[in-house]
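Observations on the model geometry
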Amino acid sequence: MENCIFCKIIAGDIPSYKVYEDQDIYAFLDITQVTKGHTLVIPKQHVTDIFEYDETLAATVFSRIPKIARALEKALPDIQGLNLVNNNKELAYQSVFHSHVHLIPRYHKEDDFSMHFGSHMEDYTEKELTTLAAKIHEQVAK
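Cut-offs used in this document
Residues numbered from 1 in each chain as written. Predicted model: local features only at pLDDT ≥ 70, side-chain atom pairs only at ≥ 80, totals over all residues. Heavy atoms only, no water. Pairing = 2+ DSSP bridges. Helix = DSSP H or I, 4+ residues; strand = E, 2+ residues; numbered from the N terminus. Axes fitted to C-alpha atoms, helices over the stretch in contact; angles between N-to-C directions. Buried < 20%, exposed > 50% of the residue type's maximum accessible area, 1.4 Å probe, protein only. Phe/Tyr/Trp six-rings, centres within 6.5 Å; stacked < 30°, edge-to-face > 60°. Expected span 1.5 Å × (residues − 1). Contact = heavy atoms within 4.5 Å. Polar contact = N/O pair within 3.5 Å; in protein donor to acceptor, adjacent residues only side chain to side chain.

Taken in spatial order, the 5 strands make up an open sheet running E1-E2-E3-E5-E4, and their pairing is antiparallel. Looking at the sheet topology across the chains shown, the edges are occupied by strand E1 (18-21) and strand E4 (81-85). Between one strand axis and the next, the sheet turns by 20 degrees as a mean value, whatever way the strands run. In terms of strand pairing, strand E2 (residues 25-29) meets strand E3 (residues 39-43) through 5 bridges, oriented antiparallel. Residue Ile25 lies in a different strand from E3, and its bridge partner there is Pro43.

A few words on the environment of Lys109. Looking at the secondary structure, you find Lys109 in the loop between strand E5 (101-106) and helix H3 (126-141). Relative accessible area serves as the criterion here: at 78%, Lys109 is assigned to the exposed category. Sequence-wise, Lys109 and Glu73 are 36 residues apart; in three dimensions their C-alpha atoms are separated by 17 Å.

Under the definition given, this model contains 3 aromatic pairs. When the ring of Phe6 is compared with that of Phe28, the centres are 5.5 Å apart and the planes differ by 80 degrees; the resulting orientation is edge-to-face. Here Phe6, found in helix H1 (residues 5-11), pairs with Phe28, found in strand E2; they are 22 residues apart in sequence, far enough to count as distant. Residues Phe6 and Phe28 agree in their burial class; the two are buried. Aromatic pair Tyr53 and Phe62: ring centres 6.3 Å apart, planes at 45 degrees, arrangement tilted. Since its relative accessible area comes to 35%, Phe62 is described here as partly exposed. Here the aromatic residues Phe6, Tyr26 and Phe28 are joined through ring pairs into a cluster of three or more.

The end-to-end C-alpha distance of helix H2 (residues 55-75) is 31 Å, a good match for the 30 Å that 21 residues give at a rise of 1.5 Å each. Buried-residue contacts for H2 involve E1, E2, E3, E4 and E5. N-capping of H2 is provided by Asp54, with a side-chain oxygen placed 3.2 Å from the backbone N of Thr56.

Moving on, we get to the pairing of E5. Of all 6 residues that make up E5, 6 are buried, and the element is covered over most of its length. The alternating pattern of E5 places Val101, Leu103 and Pro105 on one face and His102, Ile104 and Arg106 on the opposite face, and all of these are buried. As paired strands, E3 and E5 are joined by 3 bridges and run antiparallel to one another. Directly across from Thr39, in E5, lies its bridge partner Leu103. For E4 and E5, the ladder comprises 5 bridges, and the chain directions are antiparallel. What sits directly across from Leu84, in E5, is Leu103.

What follows is the structure, encoded as structure tokens:
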């Protein structure tokens, strides 16, 4: 894609701190390190978000993540955990519209990263959950 910053990074038009590359995947340090080692894993094929993945692309992208995660753990032995974050569409905080997965190393509870699932969780009845699961299952089965 012509104006995509990640496509320009893949092409070498914009510099990056590459940590991994193969024919399908490019991984590099996020320029805004939430924690030390914060890495982005992107497909070289331009897709906007997870909704554009087919099974092959999903298998390709997500099969590389454990390898890169293990490399982070070995390179940064103080890591106590790792968050995988994938934002899809603007409402879900996607800011670059080339699909990417964040690997965010965690070092201690007081680091500068948190995930907040909201203080107002909705309670659903068993019937509502059953109906919702059936609707989703029907779509997955197609």
